[in-house]
Every structure is written in C-alpha cells, then in structure tokens.
Amino acid sequence: MNMAALQGVKVLEFSGLAPVPYAGMILADFGASVTRIDRAKQAGFGGLDRLGRGKRSVAIDLRNAKGAEVVKRLSQNSDVLIEPFRPGVMEKLGLGPEILMKDNPRLIYARLTGFGQQGPLSARAGHDINYASISGTLSMIGRHGDKPTPPLNILADFGGGGLMCSLGIMMALFERGKSGKGQVVDASMVSGVAYLSSFVHKTTELGMWSGDRGTNLLDSGAPFYDTYQTSDGEYVAVGALEPQFYKLLLKGLALEEEFPNQLDASIWPKMRARFTEIFSTKTRQEWCEIFDGTDACVTPVLSLSEATEHPHNVANDVFLQNSDGTHEPAPAPKLARTPGRPNDTRQPRLGEHTSEALQECGYSQDSIDELQRDGVIYCEKIKSSL
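One structure accompanies this document, and this report is about it.

Parameters at a glance
For every chain, the first residue of the written sequence is number 1, and numbering continues from 1 onward in sequence order. In view of the model being predicted, local features appear only for residues whose pLDDT reaches at least 70, and side-chain atom pairs are presented and counted only at 80 or more, with totals across whole chains, interfaces and linings using the full set of residues. In computing side-chain properties, one takes all heavy atoms of the structure into account and sets aside hydrogens as well as water. To qualify as a helix, a DSSP run of H or I must reach at least 4 residues; to qualify as a strand, a run of E must reach at least 2; elements of each kind are numbered from the N terminus. In this analysis, two residues are considered to be in contact whenever any of their non-hydrogen atoms come within 4.5 Å of each other. Under this definition, polar contacts are N or O atom pairs within 3.5 Å; protein pairs additionally need one hydrogen-donor-capable and one acceptor-capable atom, and for neighbouring residues in sequence, both atoms have to be side-chain atoms. Here, a salt bridge means any Lys or Arg side-chain nitrogen found within 4 Å of an Asp or Glu carboxyl oxygen. Each residue gets one of three labels from its accessible area relative to the maximum for its type: buried under 20%, exposed over 50%, partly exposed in between, using a 1.4 Å probe on protein chains only. Paired strands are those between which DSSP finds at least two bridges. A pair of aromatic rings is counted whenever rings of Phe, Tyr or Trp (Trp by its six-membered ring) have centres within 6.5 Å, and the orientation is called stacked for planes under 30 degrees apart, edge-to-face for over 60 and tilted otherwise. Charges are assigned to positions over rings by a cutoff of 6 Å between ring centre and Lys NZ or Arg CZ, combined with an angular limit of 35 degrees from the ring normal. By this rule, a helix spans an expected 1.5 Å times one less than how many residues it contains.

### Some words on the environment of Arg272
No. 1: If you trace the backbone, Arg272 turns up in helix α10 (residues 268-279).
No. 2: Expressed as a C-alpha distance, the spacing of Arg272 and Val71, which sit 201 residues apart in the sequence, is 59 Å.
No. 3: When sequence neighbours within four positions are dropped, the list of residues in contact with Arg272 reads Arg143, Ser220, Gly221, Ala222, Pro223, Asp226 and Tyr228.
No. 4: Within the local environment of Arg272, its side chain forms a polar contact with the backbone oxygen of Ser220, the two atoms lying 2.8 Å apart.

Below, the structure written as structure tokens:
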C-alpha cells in the first residue's frame, strides 16, 4: 500500500471552532499526525468541535507556566503549528513564533484569524458573516431588492479560512523542502474570502457583475441560473448558461419558440414567471427523468441525507461511512497514488492521548503523573470493564 501524502508530518493544532479544526482535519485526512491541544479545564464537558477525525487529543492548562513548557516541548517535535487566537494571545502565553521557531527553525507556524494580525479590526471578535461582509463578498449574495443572505458559514470559516490556511501550510512545507527553513503563515479570513472572490472582481469590467445584487448572471438575476419549486414541494437547480445548454432547457420545458433571446434582460421577468409556472406542474423526480442524459444543466436540490445516497455520489465515493454508521464528506481532491483516507472517523476523547504524546517528547511516566496531579495536564482515565 502506498504511503499517505503527508505521512511523517507532525502537526500541533490548538483547539478552536470551525476553521482551524477544518484545516487540521484536511492535514490529518491526507496522512499527517495531528495532535490537538485542548484545554485541560474543559475535561468532562466534551466540546463543539466535530472535525476531529483522525486526530489525537492532548489536554493542557495553557495559562499554567508548566503547561506552556509542555507545549514548547511538543512544538520542538513538530513540523506545523496551527493557532486560532486573536493577535497577541500566543505571545502572552510565551508561545509566539519568535520563541517557538527559535528552538525549531523548521516549524511552519500558521496563524488563522478573522481580521488578520494588524489593522483597526484585528483585535475585534467576529464570525463568518462579519469577515464576508468586510471583504465585500457578502454584498453580492442575495435576491434583488432583499438584504444580503449569509451562505451558512462556508465562505469565511471554511473556504477563506480553513482551506486557505491548509493551502498556505502546504506551500510552506513545499518551500521548506528546498530551504530547510520554516515560516509564519498568516491566514486571515477576510483576505481569504476576498481572494475567493477574485473572479467577480475581475469580471465587473465585462458586465457580469453590475453591482446591483440579484440582477446578474450568477446571483439569481438570470432565470436560467436559479432554483425552482416542483409540484411536490421539492426544488431543482437550473444552470443553463451557455446557449447550447439553454436550448436544451427550453426543449425540456416545451418552450423552444418562446424565449429565443436568452440574454435579453428585459424579458427575464416573463421568462422567470413561465419557468416557475412550468416547473410547478411536475415532481422533482419527473423533471429529473425529463432532463436525464441531457446537458440542460438541471439537477435536483438534494438534502444532506439524500446526497449521501445519490447514485453519482455513491459511484464517486463523495461520502464515507463513520464508525457509528452515519455519513460525512470524504477527503477531496482524490489523489491517484496517495488518496486521503481517515485512519479513524470518530472524535478523539478529551485528553485521550496526553500521556502518549508527552512520552514521545521524552517525559517519563513519573513526570506525567506529577503534571496530572498539579492540574497542568489532563490524561483521560479509561474505566476498566471488569
């Protein structure tokens, strides 16, 4: 069996929500050994992180000076560190990049924040919706005449945040292979979302984005790029942008002669009304059967549970089955020789691997027991079944 793409790469991930856990999960999925630093004092309360598959949990009291020393030892034995805190927090803990990279010059020190390391908003709290709004991207999402619509927390947290951070780590690791030196990766969700929006910024000059939300080709302004309700209360997605696809859409709707001028925006209201009326006359499945095998770009809008069972997704292993029988997205993209393959889909228990990770760094069992008694670390105690 081929080695995993990132086998041998050791990662320290400081616990957080959404973007940093996602970045760490990507690395773990492709073979990196990811050790999550959890807070020792949250022992017994679990956590909201559900992106911990394939990771280890080490619980440490970071505000204890001895706890910071434990992290230093762990970082000396690591290739990558990912932290989710506001600017200055790691420095206050004595764990800033200047200190850790002095002891380990090969360390890739990734800092994933919302607003970045500097600027008037850098110390402010925020969430996906705030970062997307500041980047300008949120202003483009929503129906005409309605307020901007937050697209869950996928844009900033996961696209501009976790995914962009993991990309930066990959590039830094690649460069380290040539220079032998680590570096700081500054991943800001505002910058990341702005970068994701490059296409829109670059196409305003071509008239693809007028600046008026909900009136353009790709933002629900065009009737041939939108969703429609079917007779059973379900929905289909229509993306017939190119003329040849648009013709096939009209054929399936029996409207071949009615709207020949696809890009005449003056007829879009009437076109939308007719599309809405016709799609409402059949069920989602009936429309799928009508457009099956064509390039009309009409697909069903599936629920999460339906998506895991769709034949196309099954054929492409888009989802994987967990140890508990549920499904979640599989690693992507697929690599031919070294594909992503989670070694464990369950969430690590808090402090489950504290003793193991410290022993790897040279701590004796007596030292680990002492740190446990002093409340510096938390080691999960497995109850005997006897």
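Back to the write-up after that little detour.
### Comments concerning the pattern of salt bridges
No. 1: Under the defined criterion, the tally for this structure stands at 22 salt bridges.
No. 2: Glu356 is the partner of Arg56 in a salt bridge, and the nearest nitrogen-oxygen pair spans 2.7 Å. Of this pair, Arg56 sits in strand β3 (residues 55-60) while Glu356 sits in helix α14 (residues 354-360); the two residues are 300 residues apart in sequence, bridging distant segments of the chain.
No. 3: A residue is classified by how much of its surface remains accessible, and Arg56, at 13% relative accessible area, is buried.
No. 4: Exposure remark for Glu356: the relative accessible area of 38% places this residue in the partly exposed category.
No. 5: Of the charged contacts, one joins Glu69 and Lys72 as a salt bridge, the two residues approaching to 3.2 Å between their closest N and O atoms.

### Describing the sheet that holds β3
No. 1: The seven strands lie next to each other as β6-β5-β4-β1-β2-β3-β12, forming an open sheet whose pairing is mixed. With one partner strand each, in any of the chains shown, β6 (184-188) and β12 (377-378) form the two edges of the open sheet.
No. 2: Both strand β1 (residues 10-14) and strand β4 (residues 80-83) contribute to a ladder of three bridges, which runs parallel. Residue Glu13 lies in a different strand from β4, and its bridge partner there is Ile82.

### A few points about unusual backbone geometry
No. 1: Following Ala332, the chain continues to Pro333 via a peptide bond in cis, the omega torsion being 0°.
No. 2: Mapped onto the fold, Pro333 is located in the loop between β11 (327-329) and α14.
No. 3: Residues other than glycine seldom take positive phi values, yet Ala18 does so here, at roughly 70°.
No. 4: In this structure Ala18 comes out as buried when scored by relative accessible area, which is 18%.
No. 5: Within the chain, Leu152 stands out as a residue other than glycine whose phi angle is a positive 55°.
No. 6: With respect to the element layout, Leu152 can be found in the loop between α5 (128-135) and α6 (154-179).

### Points about the pairing of strand β7 (residues 225-229)
Here is the key point about a regular strand: its side chains alternate between the two faces of the sheet.
No. 1: Bridge count between β7 and strand β8 (residues 235-239): five bridges; the pairing is antiparallel. Looking at β8, one finds that Asp226 is bridged to Val238.
No. 2: Between β7 and β8, which follow one another and run antiparallel, lie five residues, and Gly233 among them has a positive phi close to 85°.

### Some points on the packing of aromatic side chains
No. 1: Scanning all chains against the criterion turns up 10 aromatic pairs.
No. 2: Between Tyr228 and Phe275, the aromatic rings sit 6.1 Å apart at their centres with planes inclined by 75°, giving edge-to-face as the arrangement. In this pair, Tyr228 sits in strand β7 while Phe275 sits in helix α10, placing the two residues 47 residues apart along the sequence. Each member of the pair, Tyr228 as well as Phe275, carries the same accessibility label: buried.
No. 3: Ring pairing ties together the aromatic residues Tyr228, Phe259, Phe275, Phe279, Trp287 and Phe291, which thus form one cluster.
No. 4: It is Arg73 that lies over the ring of Tyr363; its NZ or CZ is 4.0 Å from the centre.
No. 5: If you follow Lys282 out to its NZ or CZ, it ends over the ring of Trp287, 6.0 Å from the centre.

### Side note on the pairing of β3
No. 1: The buried count for β3 comes to six of six residues, which makes it a mostly enclosed element.
No. 2: What you see with β3 is no split at all: Lys55, Ser57 and Ala59 on one side and Arg56, Val58 and Ile60 on the other are buried throughout.
No. 3: As defined by bridge partners, strand β2 (residues 33-39) adjoins β3 across six bridges and the pair is classed as parallel. From the neighbouring strand, Arg36 faces β3, where its bridge partner is Ser57.

### A short note on the side chain of Glu352
No. 1: Here Glu352 shows up in the loop between β11 and α14.
No. 2: At a separation of 2.5 Å, a polar atom in the side chain of Glu352 contacts the side chain of Arg346.
No. 3: Those residues in contact with Glu352 that lie beyond four places of it in its chain are Ser57, Arg346 and Glu380.

### What to know about helix α2 (residues 65-76)
No. 1: When the terminal C-alpha atoms of α2 are compared, their 17 Å separation across 12 residues agrees well with the 16 Å that a helix rising 1.5 Å per residue should span.
No. 2: Taken as a whole, α2 has its buried residues at Gly67, Ala68, Val70, Val71, Lys72, Leu74 and Ser75.
No. 3: Residues of α2 that are buried sit in contact with β1, β2, β3, α4 (97-103), α14 and α15 (365-373).
No. 4: Sitting at the amino-terminal end of α2 is Asn64, which places a side-chain oxygen 2.8 Å from the backbone nitrogen of Lys66.

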